[in-house]
Amino acid sequence: MQVLSVCTWWLLDELGHVVVTFDDLSAGFRNAVLGGIFVQGSLHDKAALSELFGSHQFDAVVHFAGSIAVGESVRDPAKYYQNNLTGTLYLLDAVREHDVNKIVFSSTAAIFGVPQYVPMFVFAGFRVKPGKTVVTTVCVPDR
Ligand SMILES: NC(=O)c1ccc[n+]([C@@H]2O[C@H](COP(=O)([O-])OP(=O)(O)OC[C@H]3O[C@@H](n4cnc5c(N)ncnc54)[C@H](O)[C@@H]3O)[C@@H](O)[C@H]2O)c1
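Below: a short report on this structure. (Residues numbered from 1 in each chain as written. Predicted model: local features only at pLDDT ≥ 70, side-chain atom pairs only at ≥ 80, totals over all residues.)

**Here's the deal with unusual backbone geometry**
One non-glycine residue, Leu25, lies in positive phi territory at about 60°. Non-glycine residue Asp99 carries a positive phi angle of around 55°. Secondary-structure assignment places Asp99 in the loop between helix H4 (77-97) and strand E4 (103-105). In this structure Asp99 comes out as exposed when scored by C-beta crowding, with 8 C-beta atoms within 10 Å. (Helix = DSSP H or I, 4+ residues; strand = E, 2+ residues; numbered from the N terminus. Buried ≥ 20, exposed ≤ 12 C-beta atoms within 10 Å, placed from the backbone.)

**Side note on the nonpolar core**
By size, the foremost hydrophobic cluster in this structure holds 6 residues: Leu43, Leu49, Phe53, Ala65, Leu91 and Ala94. Breaking this core down by element, the ones donating at least two residues are helix H2 (46-55) and H4. In contact with Leu43, other than residues within four places in its own chain, are Leu49, Ala65, Gly87, Tyr90 and Leu91. (Core = buried A, V, L, I, M, F, W, Y, C linked by C-beta atoms within 7 Å. Contact = placed C-beta atoms within 7 Å.)

**Let's talk about the environment of Gly71**
Along the chain, Gly71 turns up in helix H3 (residues 70-75). On the neighbour-count criterion, Gly71 (8 C-beta atoms within 10 Å) is exposed. Separated by 62 residues in sequence, Gly71 and Thr133 place their C-alpha atoms 9.7 Å apart.

**What about the environment of Ala78?**
Mapped onto the fold, Ala78 is located in helix H4. For Ala78, a count of 9 C-beta atoms within 10 Å puts it in the exposed group. Distance in space between the C-alpha atoms of Ala78 and Thr137 is 9.8 Å, their sequence separation being 59 residues.

**Here's the deal with helix H1 (residues 3-14)**
Each turn of an α-helix holds 3.6 residues, which means side chains three or four residues apart point in the same direction. Across its 12 residues, H1 extends 17 Å between first and last C-alpha, which sits within 8% of the 16 Å expected from 1.5 Å per residue. Just downstream of H1, Gly16 is the residue with a positive phi angle, here 90°. (Expected span 1.5 Å × (residues − 1).)

**Some words on the packing of H2 against H4**
Interaxial distance between H2 and H4 falls to 10 Å at its minimum, and their mutual angle equals 35°. Here H2 runs over H4; the crossing is right-handed. From H2, Lys46, Leu49, Ser50 and Phe53 reach across to H4, where they touch Tyr90, Leu91 and Ala94. (Axes fitted to C-alpha atoms, helices over the stretch in contact; angles between N-to-C directions. Left-handed = near helix turned anticlockwise from the far one by under 90°.)

Shown next as C-alpha cells:
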C-alpha cells in the first residue's frame with residue numbers, strides 16, 4: 001500500500017467505510033497501512049484470495065496491486081506480465097466468484113500515450129505504444 005492507496009484509504013475512512021487492505025508487501029510497507037484491516041497475501045495465492053473474500057463482505061474492490069517500475073519492467077518483463085496481468089485475472093476470478101460487482105482498477109495515464117494537447121481528455125481513447133512492458137501489462141487488464 002503506497003501513495004495512491006493511502007490516499008484512497010484516507011478518503012474511504014473519512015466516508016465511514018471499513019477498508020480491508022490486501023498486500024503482499026513486495027513493494028509496500030506495513031506501517032503505511034494507517035487503519036482498517038490488514039491482510040498480508042498475494043494476488044497469486046488463490047487460497048489466500050478465497051479466504052479473504054470468504055471472510056469479509058465487500059461492497060467494492062479497488063485494485064492497486066501492480067508492479068510499476070519502468071526500468072525493472074525492461075529487465076524482467078515476465079515479472080510484469082505475471083504480476084499485472086495474471087495477478088489481475090486471479091483477482092477478477094475471486095471478485096466474480098464472490099459476487100462483488102464493483103471494481104476500480106488503477107491503471108496508468110500512459111494508456112493515452114503522449115498527449116497532443118494538455119490538458120488531455122480521457123475520451124481521446126487508447127493510444128498505447130507497443131514496447132513498454134509496464135504500460136502493456138497494465139493496459140491489457142484495463143481493456
Ligand atoms: N504512482 C502513480 O503515479 C500512478 C498513477 C496512476 C496509476 N498508478 C497505478 O496504481 C497502482 C499502484 O501504484 P502505486 O504507485 O501505489 O504502486 P506501489 O508499488 O507503491 O504500490 C503497489 C502495492 O501493491 C502491492 N503488490 C504488488 N503486487 C502485488 C501482488 N501480486 N499481490 C499483493 N500485493 C501486491 C505492493 O506491495 C505495493 O504495496 C499501479 O497499478 C499503477 O500502475 C500509479
